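Next come the chains, spelled out residue by residue.
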Amino acid sequence: MKVPLLDLKLQYQQLKGEIEPAMLAFCAEQMCILGPHVEAFEAALAEKCGAKHCCGVSSGSDALLLSLMAEGIGTGDEVITSPYTFFATGGAIHRVGAKPVFVDIEPKSFTIDTAKIEEKITPRTKAIMPVHLYGQTAEMGTIMQLAKKHNLTVIEDAAQAILSQWQGKCAGAIGDYGCTSFFPSKNLGCFGDGGAVLTQDDAKAAMVHRMRNHGMEPKYYHSVVGGNFRIDALQALVLNIKLKYLDQWTQKRQANAAMYDKLFEGVAGVVTPSVAPWCTRHVRNQYIIRILGGKRQKVWDALKAAEVGCDVYYPVPLHLQECFNFLGYKQGDFPESERAAAETLAIPIYPDLTQQQIEYVASVVIGAL
Ligand SMILES: *Cc1c(COP(=O)(O)O)cnc(C)c1O
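A brief look at the structure comes next. Please read all numbers here as calculations on a predicted model, not as lab measurements.

## Overview of the site of the ligand
Of all residues adjacent to the ligand, which total 16 residues, the nearest are Gly60, Ser61, Asp157, Ser181 and Lys186. The separation between an oxygen atom of the ligand and a polar side-chain atom of Ser61 is 2.5 Å. Residue Lys186 places a side-chain N or O atom 2.7 Å away from an oxygen atom belonging to the ligand. Coverage of the ligand by the protein amounts to 94% of the 370 Å² it exposes when considered alone. Elements with a contribution of two residues or more to the shell around the ligand: α3 (60–70) and α4 (88–95). Each residue belonging to the shell around the ligand can be placed in one class, and the counts come to six nonpolar, eight polar and two charged.

What follows is the structure, encoded as structure tokens:
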């Protein structure tokens, strides 16, 4: 049985009847830059996430970059984040000229270990950038307390966690800025690249909107330097249609995760992903199992041989990436991140999976142990 890690063609089949006529109308309208589709989507997403403002941008990576720029973070500043994340988190910090300061993860949730943050705060620390990995939020209680105590900005990387909740509040609507991504593999994906910045603060929202468009306001007058970080109007159109289905897709992901949890129950050598006590809604962007006993490669090979898609997110933590050698970290500095990189495996979790496919995937994993 073929089970890809992600199959978006099935989702498209269900939406075709809505998306295709809307796209044809778009072609006739030719309102390609910002405009009504972008504004409608921004309003809808802000409402859905319980945020006051939303600014659609060109990608999740640019959402992170833009938030740092809007906050004026740059050379000489430090930003605390997790080394166990997609590269964009650390990359954005470096690109504004600031220094990423890593803090290891808490092994059950794979999110930043908040007990280890305060010891890394220095007079140069300007922000904390927690990553809500795999669909659940970091432990935001401590993060918000520390931010208040040390006067730091909180920029959430919610790329993998749209609609997930911490104590009933949506990811991205908790800190000063919430950055999300509409890369096709995220829970809400567009037909290319896209992202958004959420914020509760009027002044921050105004700055993000201005800097998204070269800091231009009014036209051809630039009081600050921004960039071209605009979301495509065509992507906003697609997202506006897809957003209506996000709750139902999320429920399917949760049901799929529950099925896997049951199938792996009591199986020695597999650790299933847990829902952290602070996370009131896990949206299951990825289903990440740990394969113990050094058998990950064996399981990987068995899955590939059985035509099941799987992947490792992420094989090399950021502190060990070649481009960050200059930061002076070494192997052993963040043992939980390194252990997660060595043990974890992502298996298919997307909403359109069937029960038969899920049972098949689990049986291949168990058979390889
Ligand atoms: C996907 C992702 C990003 C970047 O989003 P893009 O839209 O691909 O630029 C940033 N952080 C995390 C944790 C991600 O998973």
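Moving on from the model shown.
## Some points on the sheet that holds strand β10 (residues 270–271)
As a general point, the strands of a sheet are linked pairwise by backbone hydrogen bonds and lie either parallel or antiparallel. If you walk across this open sheet you meet the three strands as β10-β12-β13, and the pairing is antiparallel. Sheet topology places β10 and β13 (344–347) at the edges, where each strand pairs with a single neighbour. Note: β10 against strand β12 (residues 287–291), two bridges, orientation antiparallel. Bridge pairing links Val270 to Ile291 in β12.

## Digging into the pattern of salt bridges
In the structure shown here, the tally under the stated rule is 19 salt bridges. In this structure, Glu42 and Arg212 form a salt bridge, with 2.7 Å as the shortest nitrogen-oxygen distance. Of this pair, Glu42 sits in helix α2 (residues 36–49) while Arg212 sits in helix α6 (residues 202–212); the two residues are 170 residues apart in sequence, bridging distant segments of the chain. Residues Glu42 and Arg212 agree in their burial class; the two are buried. In this structure, the salt-bridge partner of Lys48 is Asp247, at a minimum N-O distance of 2.4 Å. Remark: Asp247 occurs in helix α8 (residues 246–263) and Lys48 occurs in helix α2; sequence separation between them is 199 residues. On the basis of relative accessible area, Lys48 is assigned to the partly exposed category, the value being 32%. Where salt bridges share partners, they join Arg290, Glu336, Arg339 and Glu343 into one cluster.

Criteria and cut-off values
Think of each chain on its own: its residues are numbered from 1, step by step along the sequence as written. The predicted origin of the model limits local features to residues at a pLDDT of at least 70 and limits the giving and counting of side-chain atom pairs to 80 or more, whereas totals for whole chains, interfaces and linings rest on all residues. In computing side-chain properties, one takes all heavy atoms of the structure into account and sets aside hydrogens as well as water. Working definition: residue near molecule or strand if any one of its non-hydrogen atoms lies within 4 Å of it. Two N or O atoms form a polar contact when they lie within 3.5 Å of each other; inside protein one atom must be a possible hydrogen donor and the other a possible acceptor, and for residues adjacent in sequence the pair counts only when both atoms belong to side chains. The Shrake-Rupley method, run with a 1.4 Å probe sphere, supplies the accessible areas, and residue values consider only the shown protein chains as cover. The way it works is that DSSP assigns letters per residue, a run of H or I at least four long becomes a helix, a run of E at least two long becomes a strand, and they are numbered from the N terminus. Polarity classes work like this: nonpolar for Ala, Val, Leu, Ile, Met, Phe, Trp, Tyr, Cys and Pro, charged for Asp, Glu, Lys and Arg, and polar for all others, with Gly in that last group. When DSSP locates at least two bridges between a pair of strands, those strands are taken to pair. By definition, a salt bridge exists where a carboxyl oxygen of Asp or Glu is found within 4 Å of a side-chain nitrogen of Lys or Arg. Partly exposed residues are those whose accessible area sits between 20% and 50% of the maximum for their type, while under 20% is buried and over 50% is exposed, using a 1.4 Å probe and protein chains only.

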